[in-house]
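# An overview of the molecular structure
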Amino acid sequence: MAQNNRIIKGENGVRHPNIVIILADDMGYGDLQGYGGVANTPNLDALAAEGIKFTNCYAGAPNCSPSRVGLLTGRIPARAGMYSYRPPGSAMHLPDNEVTIAELLKPEGYQTAHFGKWHLSVLPQDEQLNQPQPHQQGFDYSLGTENNAEPSHLNPVNFIRNGVPIGEQEGYSCQLVANEVELWFEQKYEKEKPFFLYVAFHEPHAKVASPENLIANYPGYDKKTAEYFANIENMDLAAGRVLEALKSRGLDKNTMIFFASDNGPYRMGSQGELRGLKGEVYDGGIKVPGIFSYPGAFPGKREIETPIWFQDLLPTIGELTGAAIPSDRKYDGINLLPLLEGGEIERDKPMLWYFYRSSPELAMRKGDYMLLARAKDEMPRTHGITDKDMEFIKTIQPEFFELYNVVNDEGQQKDLSATEPEKLEEMKSAMVTLLEEVKEEGPNWEGLPKYKEKKANHNKPDEFKRNERRFLMKGKE
Ligand SMILES: [Ca+2]
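Residues numbered from 1 in each chain as written. Predicted model: local features only at pLDDT ≥ 70, side-chain atom pairs only at ≥ 80, totals over all residues.

## Brief notes about the overall build of the protein
So the rule is basically this: In this text, helices come from DSSP runs of H or I with a minimum length of four residues, and strands from runs of E with a minimum of two, each type numbered from the N-terminal end. Just to be clear, the radius of gyration here is over C-alpha atoms, and the globule rule we use is 2.2 Å times residues to the power 0.38. Residue burial here comes from a neighbour count, namely the number of other C-beta atoms, placed from the backbone, that lie within 10 Å of the residue's own C-beta, with 20 or more meaning buried, 12 or fewer meaning exposed, and in between meaning partly exposed.
The secondary structure content of the protein amounts to 13 helices and 15 strands. In summary, the protein has a C-alpha radius of gyration of 21 Å against a globular reference of 23 Å for 477 residues, a match within 12%. Overall, the protein is about 65 × 50 × 50 Å in size when its C-alpha atoms are taken along their principal axes. In the protein, buried positions account for 50% of the 477 residues.

## Regarding the pairing of strand β7 (residues 195–200)
The following threshold applies: Whether two strands pair comes down to DSSP finding at least two bridges between them.
Taken across its six residues, β7 has six buried, putting it largely inside the fold. With burial as the criterion, each face of β7 is covered, one bearing F195, L197 and V199 and the other bearing F196, Y198 and A200. Relative to β7, strand β3 (residues 111–117) runs parallel, the two being bridged by six bridges. Each residue of the ladder has a partner; that of H114, found in β7, is Y198.

## As for the packing of helix α1 (residues 42–50) against helix α6 (residues 223–247)
Rules: In this analysis, axes come from line fits to C-alpha atoms, helices being fitted only over the stretch in contact, and the angle between any two N-to-C directions falls in the range 0 to 180 degrees. Angle categories are assigned with fixed cut-offs, so that under 35 degrees is roughly parallel, over 145 is roughly antiparallel, 65 to 115 is roughly perpendicular, and the rest are oblique. The contact rule is simple: place each C-beta atom from the backbone, and if two of them lie within 7 Å, those residues are in contact. Gly is placed with the polar residues, together with every amino acid not listed as nonpolar (Ala, Val, Leu, Ile, Met, Phe, Trp, Tyr, Cys and Pro) or charged (Asp, Glu, Lys and Arg).
α6 packs onto α1 with a crossing angle of 55° between their chain directions and a minimal axis gap of 7 Å. Looking at the two axes, α1 sits oblique to α6. Contacts between α1 and α6 involve P42, N43, L44 and L47 from the first element and D236, L237, A239, G240 and L243 from the second. Counted by class, the contact of α1 with α6 contains six nonpolar, two polar and one charged residues.

## Describing the nonpolar core
Spelled out, the test is: For this analysis, nonpolar core means a set of buried Ala, Val, Leu, Ile, Met, Phe, Trp, Tyr and Cys residues linked through C-beta atoms within 7 Å. Each domain's extent is set by a domain assignment, obtained either automatically or from a database.
Formed by 124 residues in total, the largest nonpolar core has its most connected members in V199 and L362. With twelve residues, the top contributor of residues to this core is α6. Two domains each donate at least three residues to this core, and these are domain 1 (14–340) and domain 2 (351–471). L362 has contacts with V281, W353, Y354, L372, A373, P398, M431 and L435, leaving out every residue within four places of it along the chain.

## Some points on α1
As a reminder, the rule being used: The directions considered for the arc run from the helix axis to the C-beta atoms.
When we look at burial in α1, the residues that qualify are N43, L44, L47 and A48. Down the axis of α1, the buried side of the element spans an arc of 135°, and every buried residue falls inside it. Packed against the buried residues of α1 are β2 (52–58), α6, β8 (255–261) and β9 (287–293).

## A word on the sheet that holds strand β13 (residues 362–366)
The four strands lie next to each other as β12-β13-β14-β15, forming an open sheet whose pairing is antiparallel. Two strands lie at the open edges of the sheet, namely β12 (351–354) and β15 (398–405), each paired on one side alone. If you compare each strand with its neighbour and ignore which way they point, the axes differ by 15° on average. Where strand β14 (residues 369–375) and β15 come together, seven bridges link them in antiparallel fashion. Residue L372 lies in a different strand from β15, and its bridge partner there is E402.

## Points about the domain arrangement of the protein
Entries for the protein in the domain assignment read domain 1 (14–340) and domain 2 (351–471). Summarising the inter-unit geometry, the C-alpha centres of domain 1 and domain 2 are found 25 Å apart. The interface is formed by 26 residues belonging to domain 1 together with 31 residues belonging to domain 2. Taken together, the residues of the side of domain 1 that touches domain 2 sort by class into 17 nonpolar, four polar and five charged.

## Details of the environment of D236
Along the polypeptide, D236 turns up in helix α6. Residue D236 is classed as buried on the basis of its C-beta count, with 25 C-beta atoms lying within 10 Å. For the pair D236 and T395, spaced 159 residues apart in sequence, the C-alpha to C-alpha distance is 42 Å. Excluding residues within four positions of it along the chain, D236 makes contact with T41, P42, N43 and L44.

## Topic: the pairing of strand β1 (residues 18–24)
Most of β1 is tucked away: seven of the seven residues are buried. The side-chain alternation of β1 yields two buried faces, one formed by N18, V20, I22 and A24 and the other by I19, I21 and L23. Bridge analysis of β1 against β8 gives seven bridges, and the strand direction is parallel. Pairing of I22 across the sheet is with F259, part of β8. Where β1 meets β7, five bridges bridge the pair, whose relative direction is parallel. Of the residues in β7, the one forming a bridge with I19 is F196.

Written out as structure tokens, the structure reads:
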């Protein structure tokens, strides 16, 4: 439908809208005011109100690195070997043979740039590790960090511009990132070319630092909470500056924007009514705010309940721009254009999250249902990925299941695995088939640190311990 008002076409009939992806880090489903949050977020709320607000947008994973792999490659991150967040110095990274959205768009003549958190390989390059850098993954320009802004969001010392450390910067991370987007437009932008900007803010991931004048907007809250709200407000202001950089150049109509958070909240944030936090495959860890805007082509002022996930971005952008999607690999996302243009989509493959560090380790959404699965495994998980984790990743067998109808039971409280046995079998069978395919494809990393049980115990996060207790009890039933 709506074929004739579809997309502004170039002279040769090829559609080349600009693409901007803006990502928050660790912001919960319920943290934006437009999603029920407390912090002042007028810019992102207006984007959602004028554009398309998704109420069932899922991230690629419950933590940073794999979620970004899902976003940029259109594939379940374990297929590409990103099994968890990438610890500093790890052999695990986004392999060169993966095709990112930036690499997809470059042959179409796009200018490409990355701003903010990277977290897909060592940054800057380390000769010993020799891992693909942003420019080798399709980004012409890059300003950001390997992982988080250090020592905090204030005056970060670890920003790298195009492979070169630039020393201590004065200001807050999100505003520095917005400065760089403006700088890019002033110095690098070539008007005749379309562009793809990937703007990955470090906020509100720890360690949080926020301007005093914004903290003052939240009297009546304790200092830490006020600082967290102010952090989200600061990020919203920075997102507003990125949006203004487009508007002031008259580019907003012909730009497709996608905004989301890379995973659920940790400690401070709000996941709304959802169960679980960052690092878990319950919806609180993976369901995030999701906003699309493309005034020139997508009818706005809509709220959509249809489930989507990060892996849909690459196939959608491929279809939108006419860029050729590689045919030599499996994709897990689908083209969302019919939905974004006002129609419907039919999802022909389930969405699968495989995250060995959590318990349950697996979640799969198909239709209205979410299946969760645990392996019978009592090995304490390490914080970073080790050789023993790698063995587990390649041999995991789901044994205990929970089934939820997440349309009727958004908070995942009523396990239907005993009362809907046919649905359970159907979902289990689909999960096992897809999991085996993913396990087979995922690379086996060499050179990971040796597993140390003591260290592993020490580093277990609280939410993991809670899940583990539940798991161990279930194992004894
Ligand atoms: Ca994150």
